[in-house]
Amino acid sequence: MLFNSVEYIFAFLPASLLGFFLIASRFGQRAALAWLVAASLFFYGWWNPTYLTLIIAMIAINYGIATALQSPTGKDRDFRRRQAALAGVAINLLILGYFKYAGFALQNVNLLFDTGFSAGQIVLPLGISFFTFQMIAFLVDVQRGEYRERSFLRYCVFVLFFPQLIAGPIVHPREVLPQFRNRRIYQFSRQNLAVGTTIFAIGLFKKAVIADGIAPFANVVFDGAAAGAQPDFFEAWGGALAYTFQLYFDFSGYSDMAIGAARLFGIRLPLNFHSPYKALSIIDFWRRWHMTLSRFLRDYVYIGLGGARKGKARRYGNLFVTMLLGGLWHGAAWTFVAWGALHGFYLVVNHAWRYVRARLPVGPVGGAERLAGWLVTFLAVVVGWVLFRATSFESAVAILWGMAGGNGVALPAGIMARLGGLGPMLQEAGIAGRLGGGTQFISTWSWCLALAVLAFLAPNTQELLRRYRPALLDDRMERMGAGWLGALVWRPVPQWAFYSGALLLASLLALSRVSEFLYFQF
């Protein structure tokens, strides 16, 4: 079931919310939690009931291992805990590996050794990458002694809570589980209803109107490149930027809808998206984009590899390997591996530059340097998204080559004709005219410019509703001030209710072209 579907908005979400509070008031907290688990299983099974068996089996296995981790006895207690945790992590990774990477691995074996192995038709269970990592985080936290939880019902809620089940955020048990022990969440709150509905409406608008609205302009370029087309400079950049903003508002919209839906139940999920295109460096970008995945990779992969404890060379190697695995996590394709490797290279260069700059006889970072850092970061991210979106290296290279001007620079002839004396000057500079495509050109770049203003300059959802702490924030985000926002702060007043209603109405009118969230495929 999709967040941006009529069934979810008008049936499932209101019914699950109403049932939660009615059951809590009449039968108590445990019954309300049981209702929430049942609703979440229904939500997951809506897509394919067959995979309910898989997720229930994984919950049972992981809960059993976690229980064993919390009660070992004897002299070899620590050793047995480590062994049980390793076994649990291995089981989770094997299940994930089979569903997500078996076909990819066999395909490459067949290419290398000219064999004909086949894994058959494997359908990737929705959200398996997310709930598998969440189960691994639980096991590791319990093994480290950072959290204890013996209630099977609360463990089920931790894994299955439907606002974050399909595409994150990836949460730690200590962030969410204590909230389900708080009696206040079982009492209906008008403030939570207002805050949650507002965030959900903003997220739905980002997805249904903005992301889905610009998607065709990205698809036409990437699909054309996959079919053998060679886009010119403006076509390639238009397609790359269109996808850059499509992915931004698609993922930002999902993140808002997840946080908003959870807030309706009184639950605050961790922030997962914080204006990443405002980042001044790649390091800063990965503190803002898919924040809970970045945290997971840092805590359980990078630190597990040794982090920065074994010298700078090893640190840079660990960074690169971590991002390589992060790329592979996103998809079983060499383009994703290349995207992860590229961002690993970016991070190594960024850390090395910080090390060198700190030893140069220069002053503090100024405005010009900040602007240059932002521009370089954004362009580097756009280049990376081409690999992320392309279905093959050939199509990625075609678009990147076009972005570099390798396929020439051209404007639609209709536009050139309306430029007056500027047209011949552009032609002398090497910019050719081409037949057709004027409407496509204007629409693509109009969308990109409009969304650039929103992404670069507008306040994000967390800033608009900061007085009501809509999400769990890290220390850096907790210190976020009002800045230039001034009056752009949400309040539970009729004016903001009207704005939220208008966004919701526009989104509902756009639901005729319902599409999956891009991160659902991961």
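Before any of the text, the structure's been laid out above.
Okay, so let's go over this structure. This structure is a prediction, so every number in the text was calculated from the model and none was measured.

Let us look at the overall build of the protein chain. The helix and strand inventory of the protein chain stands at 21 helices and two strands. Relative to a compact globule of 522 residues, whose C-alpha radius of gyration would be 24 Å, the protein chain shows 25 Å and is just as compact. With respect to the principal axes defined by its C-alpha atoms, the protein chain has extents near 80 × 60 × 60 Å. For the protein chain, buried positions account for 52% of its 522 residues. Surface summary for the protein chain: the accessible area is close to 23,500 Å², and the carbon and sulfur share equals 65%. Placing the 45 positive and 24 negative side-chain charges of the protein chain at their respective mean positions leaves the two points 11 Å apart.

Before going further, it helps to spend a moment on the side chain of Asp256. Relative to the helices and strands, Asp256 is located in helix 9 (residues 233–264). Take Asp256: its relative accessible area is 5%, and that puts it in the buried class. Among residues more than four places away in sequence, those in contact with Asp256 are Ile199, Phe200, Ile202, Gly203, Lys206, Thr461 and Gln462.

According to the stated counting rule, one finds 69 aromatic pairs in the structure shown. Judged by centre distance (5.6 Å) and plane angle (35 degrees), the rings of Phe12 and Phe43 are tilted. Of the two residues, Phe12 sits in helix 1 (residues 6–27) while Phe43 sits in helix 2 (residues 29–45), which places them 31 residues apart along the sequence. Take Phe12: its relative accessible area is 7%, and that puts it in the buried class. On the accessibility criterion, Phe43 (1% relative accessible area) is buried. An angle of 80 degrees between the planes, with centres 5.8 Å apart, marks the rings of Phe234 and Phe441 as edge-to-face. Of the two residues, Phe234 is situated in helix 9 and Phe441 in helix 18 (residues 438–457); the sequence distance between them amounts to 207 residues.

The next thing to look at is a nonpolar patch on the surface. A cluster of nonpolar side chains, namely Leu305, Phe320, Val321, Leu325, Phe345 and Val349, defines an oily patch on the protein surface of about 470 Å² accessible area. Secondary-structure elements contributing two or more residues to the nonpolar patch are helix 12 (312–330) and helix 13 (334–357). Considering every element that reaches the nonpolar patch, the biggest residue donor is helix 12, with three residues. Note that Phe345 resides in helix 13.

This paragraph deals with the pattern of salt bridges. Side-chain pairs of opposite charge can arise where the charged atoms are in close proximity. Scanning the entire structure with this criterion turns up 14 salt bridges. Linking Asp250 and Lys207 is a salt bridge whose minimum nitrogen-to-oxygen distance equals 2.6 Å. Of this pair, Asp250 sits in helix 9 while Lys207 is found in helix 8 (residues 190–226), placing the two residues 43 residues apart along the sequence. Lys207 matches Asp250 in its accessibility class, with the two residues each being buried. Its salt-bridge partner being Arg434, residue Glu235 comes within 3.7 Å of it at the nearest N-O pair. Here Arg434 lies in strand 2 (residues 431–434) and Glu235 lies in helix 9, a separation of 199 residues in the sequence. Taking the relative accessible area as the measure of exposure, Glu235 reaches 31% and is therefore partly exposed. Each of Asp141, Glu146 and Arg174 takes part in salt bridges that share partners, so that together they form one network.

Looking now at unusual backbone geometry. It is generally the case that most residues other than glycine have a negative phi and that most peptide bonds are trans. Cis geometry is adopted by the peptide bond preceding Pro169, which originates at Gly168 and carries an omega value of 5 degrees. Non-glycine residue Ser275 carries a positive phi angle of around 45 degrees. Turning to its location among the elements, Ser275 is positioned in the loop between helix 9 and helix 10 (282–286). In this model, Arg469 sits at a positive phi of 45 degrees, which is unusual for a non-glycine residue. One can find Arg469 in the loop between helix 19 (461–464) and helix 20 (475–478).

Counting residues in hydrophobic clusters, the biggest one holds 155 residues, and the most contacted among them are Tyr8, Phe180, Phe245, Phe265, Tyr277, Trp289 and Trp385. No other element matches helix 9, which puts 18 residues into this core. Setting aside residues no more than four positions away along its own chain, Tyr277 makes contact with Thr244, Phe245, Tyr248, Phe285, Trp289, Trp374, Phe378, Val381, Trp385, Ala455 and Phe456. Residues Leu411, Leu426, Ile431 and Phe441 belong to the second largest nonpolar core, which totals six residues.

Analysis parameters
Residues numbered from 1 in each chain as written. Predicted model: local features only at pLDDT ≥ 70, side-chain atom pairs only at ≥ 80, totals over all residues. Heavy atoms only, no water. Helix = DSSP H or I, 4+ residues; strand = E, 2+ residues; numbered from the N terminus. Rg over C-alpha atoms; globule rule 2.2 N^0.38 Å. Buried < 20%, exposed > 50% of the residue type's maximum accessible area, 1.4 Å probe, protein only. Areas by Shrake-Rupley, 256 points an atom, 1.4 Å probe, with all protein chains shown as cover. Lys, Arg positive; Asp, Glu negative; His and termini not counted. Charge placed at Lys NZ, Arg CZ, Asp CG, Glu CD. Contact = heavy atoms within 4.5 Å. Phe/Tyr/Trp six-rings, centres within 6.5 Å; stacked < 30°, edge-to-face > 60°. Patch = residues over 30% accessible without salt bridge, like charges linked within 9 Å, V, L, I, M, F, W, Y side chains within 5 Å. Salt bridge = Lys/Arg side-chain N within 4 Å of Asp/Glu carboxyl O. Core = buried A, V, L, I, M, F, W, Y, C linked by side-chain atoms within 4.5 Å.

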